[in-house]
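# Geometric and topological summary
Okay, here's what each chain looks like letter by letter:
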Amino acid sequence: MIEVKHLTKKYGRHLALDDLYFTVEKGQIYGFLGPNGAGKSTTMNIMTGYISATDGEVLIDGCSILEEPEKAKKCIGYLPEIPPLYLDMTVMEYLNFVAELKKIPKDRRLAEVKKARNLVKLSDVSNRLIRNLSKGYRQRTGLAAAVLGFPDIIILDEPTVGLDPKQIIEIRELIRTLAKDHTVILSSHILAEVQEICDYVLIISKGRLAASGTPEELEKLSQGKESIELTIKANKETIQTILDKISGIQNITWQNETNDACDILIETSDLAQKVCEDISLSFATERIPVTKINILKATLEDIFLELTEGDSKNESNL
């Protein structure tokens, strides 16, 4: 449905996108994840035709966004990070205006506007000026404008930024509703948000695609990097002697030491579950109590931090 091919964007000497390549298939929620300045918004602006690329191309349902912009844009609904709202219009006036811009036929215009309005739950504020709406309702108004005409692809750039927790939950529910009939691309730097609602994740770092896959597939990238939390009722010397005989232990961090017990963190080179079993058996044989044993699995956050290490030094908010 969307093909981004060898996309490059330069701002003077700054390389915002560096030979970016990925595809988006129909009927899923895609999370476009990366730190500030990684190139997420630049990519979305090129995909929607807001700005041009220095090199490369974007195909929307087979149509080039550069060579056939009108045809390609008919497939896309776009909500920028800051919705382009006219504050002196009412919600209905604004949506009617957007429907006219999108060339929705007059005989269908009112029905389409009401359908979009009802979908994002704006009925109660239809006749209020946009300037008098809360940020949450303004975001809903921008979302209603994006879905007007019900294009196949909905692109949302940081749709929950600046919202309170209740508003965030409401917008996430709206995104799930949209995904029933549309392909949704969601830009965010909030890991929990992407992990909760996205079927597929694209991680961008320094203008390049660093990794892609389902949240579960990305977490598997850190297999073998699991760690184990332990509290053992013995002194450090006794514990060290026993641990030295167990294979698969890569590194030991002593977090809290007393003569009676120690809290430690172990990094493993083998499967953590097997190492835990060996630890339990070894200390049980010596009749030494292990009062805490907990496996810490790698998360999407761990993968994200590893893949985007150093990006914060180069942030430019592009």
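Further up the page is the structure itself.
The structure presented is a predicted model; accordingly, all values stated were derived computationally and were not measured.

Here we come to the sheet that holds strand β8 (residues 183–188). Taken together, 6 strands build an open sheet; the order of strands is β6-β7-β8-β3-β9-β10 and the sheet is mixed. Strands with a single pairing partner mark the edges of an open sheet, and in this sheet they are β6 (76–79) and β10 (208–213). Across this sheet, the average inter-strand angle for adjacent strands is 15°, counted without regard to direction. Alignment of β6 against strand β7 (residues 153–157), held across 4 bridges, turns out to be parallel. Its bridge partner lying in β7, L79 is registered against L156. Its contacts with the sheet put helix α5 (residues 135–147) on β6 and β7, and the angle it makes with β6 is roughly 165°. Sitting on the sheet, helix α6 (residues 165–178) touches β3 (29–33), β7 and β8, and the angle it makes with β8 is about 150°.

Attention now moves to the side chain of H182. Considering the arrangement of structural elements, one finds H182 in the loop between α6 and β8. Only 2.6 Å separates the side chain of H182 from the backbone oxygen of P151, close enough to count as a polar contact. Discounting chain neighbours no more than four positions away, the residues touching H182 are Q28, F150, P151, D152 and I154.

Let us now look at α5. For α5, which comprises 13 residues, the first-to-last C-alpha distance of 18 Å matches the rise-based estimate of 18 Å (1.5 Å per residue) to within 8%. Every buried residue belonging to α5 is among G136, Q139, R140, T141, G142, L143, A144, A145, A146 and V147, and all of these are buried. Each element contacted by the buried residues of α5 is listed here: β6, α3 (91–101), α4 (106–119), β7 and α6. At the C-terminal side of α5, G149 shows a positive phi close to 85°.

Let us now look at the sheet that holds strand β11 (residues 227–232). Backbone-to-backbone hydrogen bonds join strands into a sheet, with any given pair of strands oriented parallel or antiparallel. An order of β12-β13-β11-β14 is seen for the 4 strands of this open sheet, with the pairing classed as antiparallel. One side of each edge strand has no neighbouring strand; the edge strands of this open sheet are β12 (249–257) and β14 (290–296). Strand-to-strand twist across the sheet, computed as the mean angle between neighbouring axes with direction ignored, equals 15°. Here β12 pairs with strand β13 (residues 262–268) via 7 bridges, running antiparallel. For T253, the partnering residue across the bridge sits in β13 and is L265.

For α3, every residue scored as buried is listed here: V91, M92, Y94, L95, V98 and A99. Viewed end-on, α3 has its buried residues packed into an arc of 160°, placing them on one side of the element. Away from the buried face of α3 by more than 90 degrees, exposed residues E100 and L101 are located. Those residues of α3 that are buried lie in contact with α4 and α5. Backbone geometry just downstream of α3 places K103 in the positive-phi region, at approximately 60°.

Examined against the element boundaries, N235 turns out to sit in the loop between β11 and α9 (236–243). As for N235 and C262, which are separated by 27 residues in sequence, their C-alpha atoms are 6.7 Å apart. Once residues lying within four places of it in the same chain are set aside, the contact partners of N235 are T258, N259 and C262. Within the local environment of N235, its side chain forms a polar contact with the backbone nitrogen of E237, the two atoms lying 3.3 Å apart.

So, about the packing of aromatic side chains. Counting across every chain of the model gives 5 aromatic pairs. Between Y86 and F97 the ring centres are 5.5 Å apart and the planes differ by 90°, which places this aromatic pair in the edge-to-face class. Taken together, the positions of Y86 in the loop between β6 and α3 and F97 in helix α3 put the pair 11 residues apart, joining distant regions of the chain. We classify F97 as partly exposed; its relative accessible area is 28%. Lying over the aromatic face of Y11, K9 brings its terminal NZ or CZ to 5.3 Å of the ring centre. Stacked on the ring of F150, the Lys or Arg K115 has its end atom at 4.4 Å from the ring centre.

Rules behind the numbers
- Residues numbered from 1 in each chain as written.
- Predicted model: local features only at pLDDT ≥ 70, side-chain atom pairs only at ≥ 80, totals over all residues.
- Heavy atoms only, no water.
- Pairing = 2+ DSSP bridges.
- Helix = DSSP H or I, 4+ residues; strand = E, 2+ residues; numbered from the N terminus.
- Axes fitted to C-alpha atoms, helices over the stretch in contact; angles between N-to-C directions.
- Contact = heavy atoms within 4.5 Å.
- Polar contact = N/O pair within 3.5 Å; in protein donor to acceptor, adjacent residues only side chain to side chain.
- Expected span 1.5 Å × (residues − 1).
- Buried < 20%, exposed > 50% of the residue type's maximum accessible area, 1.4 Å probe, protein only.
- Arc of directions from axis to C-beta.
- Phe/Tyr/Trp six-rings, centres within 6.5 Å; stacked < 30°, edge-to-face > 60°.
- Lys NZ or Arg CZ within 6 Å of the ring centre and 35° of its normal.

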